[in-house]
Structure formats: C-alpha cells, structure tokens
Amino acid sequence: SQQGEEDPQALSIQEGENATMNCSYKTSINNLQWYRQNSGRGLVHLILIRSNEREKHSGRLRVTLDTSKKSSSLLITASRAADTASYFCARTGANSKLTFGKGITLSVRP
Amino acid sequence: DTGVSQDPRHKITKRGQNVTFRCDPISEHNRLYWYRQTLGQGPEFLTYFQNEAQLEKSRLLSDRFSAERPKGSFSTLEIQRTEQGDSAMYLCASSPGQFGSPLHFGNGTRLTVT
C-alpha cells in the first residue's frame, strides 16, 4: 500500500515562481525522502530529511518535516521549465523499505 | 557512469508467455530492490535483497513472480504466464545498505502484455 500521499495531484506554475508540494503519511518514519521522475525514466533522489530534523535545504530545494502532523513539504524556488516532472515523497519505516506516494505532476510553463 | 542498468528497456509479450528482466546495480551497493509502477501511480514495492538473500517480498508478488540475486551481484525478475494486469514499468534500485539510505534507480523495463 502507498502511505505517502502527496498534495496537490497536479501543479502548473510559471517559470520563476515557487512550487510547494505537500506529503502526508500515516505511520511513524525513520526518514522521509523526495524523488523526482521525468517521463519514462527512473526516479532520482532529491533530498532526505530525518525524523529528528525539521528543515533541510539543498540548492533551490527546501524540505520541511512536521512529525506531529505527519506531514512534509517540498519547496522549489525560482522554478525552471526543466523542473517539469513528477515528484514523489517516500517514507522509510522500521524495516528500511521505502514506501512511495502517488506523486505530484509539476508543470513549469516557460 | 556505473549507475543502475536494466535490460531490456521495453518488452512486449503475449499473454501467457514468460518474461525475464535483468538489473545490474551499482557495484558497491549490497541492497537491491524491485518496484512496479503503473501509469499515474507511485512505485510499489515488490521485493528486496541484502547481498544474495531475499529479505522481504510483497504480497503483490504472486507465485508467478520470482526474483533472484545469485552471488549478490545482478538480479533477475521473472514473470511466468504473464497477464494483461502485469503491464507496468518494473524499476530496479540499489543502495549501499545503511539503514534508510537513498535509492539509486535504473530507468526501468516497460512491460506490455497483449
């Protein structure tokens, strides 16, 4: 079963705008990870945040984690057309297995 | 580049036939995962290996599916008596094995069962 649920399902923004994507989960986590997938390709790891962390940055990416609300958000600042892709959150549970959500389709209009 | 490679990239087969996919992980990674992804969905876990040991199998992995990782290197995923519902992207990923470490994915094998 997929326990990471992303919101919104689809997001369309103009180049240069920020994109915010949310993820909720149901059970406890060891860490939460965000991945990106271009059409027809495999997933690429973007960023990992541990359960004892609240915020993390990597380049134009900022991820937050609220374990009390069982939610995370991914912010992409100053979006580019090349950021167009599907984005997935994935939680790592007690057995180290990654469980993915259904994903968010991001379209960045040039 | 020694990323995760999968072969073939595409496979079209008739219902009832057997198919086998191969995955070559990053050489120093001792964990190897198989996921299945259908259109518009996220990857669903099928099974994973620590070296040559298959440690967990999803209930999605019916008795028609079998995976092996001989000698803890490459892995194969075989589907016997394919059904149209098996049509999906089959993704392989590897990781160094530290708990919760990120996965490195291959580009997948797209299976179409006609």
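Structure shown above.
So, a few notes on the structure that sits alongside this text. Owing to the predicted nature of the structure, the values given are computational and were not obtained by experimental measurement.

**A closer look at the overall build of chain A**
- From N to C terminus, chain A includes 0 helices and 11 strands.
- Each helix and strand of chain A, placed in order from N terminus to C terminus, yields the pattern β-β-β-β-β-β-β-β-β-β-β.
- Taking 2.2 N^0.38 as the reference for a compact globule, 110 residues should give roughly 13 Å; the C-alpha atoms of chain A span a radius of gyration of 13 Å, in line with that estimate.
- Expressed as a percentage of the 110 residues in chain A, the buried residues total 47%.
- Counting only contacts in chain A whose residues sit at least 6 apart along the sequence, the fraction spanning at least 24 positions is 54%.
- Here chain A displays about 5,100 Å² of accessible surface, and carbon together with sulfur accounts for 45% of that area.
- When the 15 positive and 9 negative side-chain charges of chain A are each reduced to one mean point, those points stand 6 Å apart.

**With respect to the environment of A:Leu48**
- Relative to the helices and strands, A:Leu48 resides in strand S5 (residues 43–50).
- We classify A:Leu48 as buried; its relative accessible area is 9%.
- Residues A:Leu48 and A:Arg91, spaced 43 residues apart in sequence, show a C-alpha to C-alpha distance of 9.6 Å.
- If near-sequence neighbours (up to four positions away) are discounted, A:Leu48 is found in contact with A:Asn31, A:Leu32, A:Gln33, A:Glu53, A:Lys56, B:Gly100 and B:Pro102.

**Considerations on the state of the cysteines**
- Enumeration over the complete set of coordinates arrives at 2 disulfides over all chains.
- Through a disulfide, A:Cys23 is tied to A:Cys89; the S-S separation comes to 1.9 Å. Every disulfide takes its handedness from the sign of the S-S torsion; for A:Cys23 and A:Cys89 that torsion is 65 degrees, giving right-handed. Of this pair, A:Cys23 sits in strand S3 (residues 19–24) while A:Cys89 sits in strand S9 (residues 85–92); the two residues are 66 residues apart in sequence, bridging distant segments of the chain.
- The side chain of B:Cys23 participates in a disulfide bridge whose partner is B:Cys92; the two sulfur atoms lie 1.9 Å from each other. Linking B:Cys23 and B:Cys92, the disulfide has an S-S dihedral of approximately -70 degrees and is accordingly described as left-handed. Separated by 69 residues along the polypeptide, B:Cys23 in strand S3 (residues 19–24) and B:Cys92 in strand S9 (residues 88–95) bring together distant segments of the chain.
- Accessibility expressed as a relative area gives 0% for B:Cys23, which makes it buried.
- Its relative accessible area of 0% is what places B:Cys92 among the buried residues.

Rules behind the numbers
- Residues numbered from 1 in each chain as written.
- Chains lettered and ligands numbered in written order.
- Predicted model: local features only at pLDDT ≥ 70, side-chain atom pairs only at ≥ 80, totals over all residues.
- Heavy atoms only, no water.
- Helix = DSSP H or I, 4+ residues; strand = E, 2+ residues; numbered from the N terminus.
- Rg over C-alpha atoms; globule rule 2.2 N^0.38 Å.
- Buried < 20%, exposed > 50% of the residue type's maximum accessible area, 1.4 Å probe, protein only.
- Contact = heavy atoms within 4.5 Å.
- Areas by Shrake-Rupley, 256 points an atom, 1.4 Å probe, with all protein chains shown as cover.
- Lys, Arg positive; Asp, Glu negative; His and termini not counted.
- Charge placed at Lys NZ, Arg CZ, Asp CG, Glu CD.
- Disulfide = S-S within 2.5 Å.

All quantities given are derived from atomic positions and should not be read as evidence of function.
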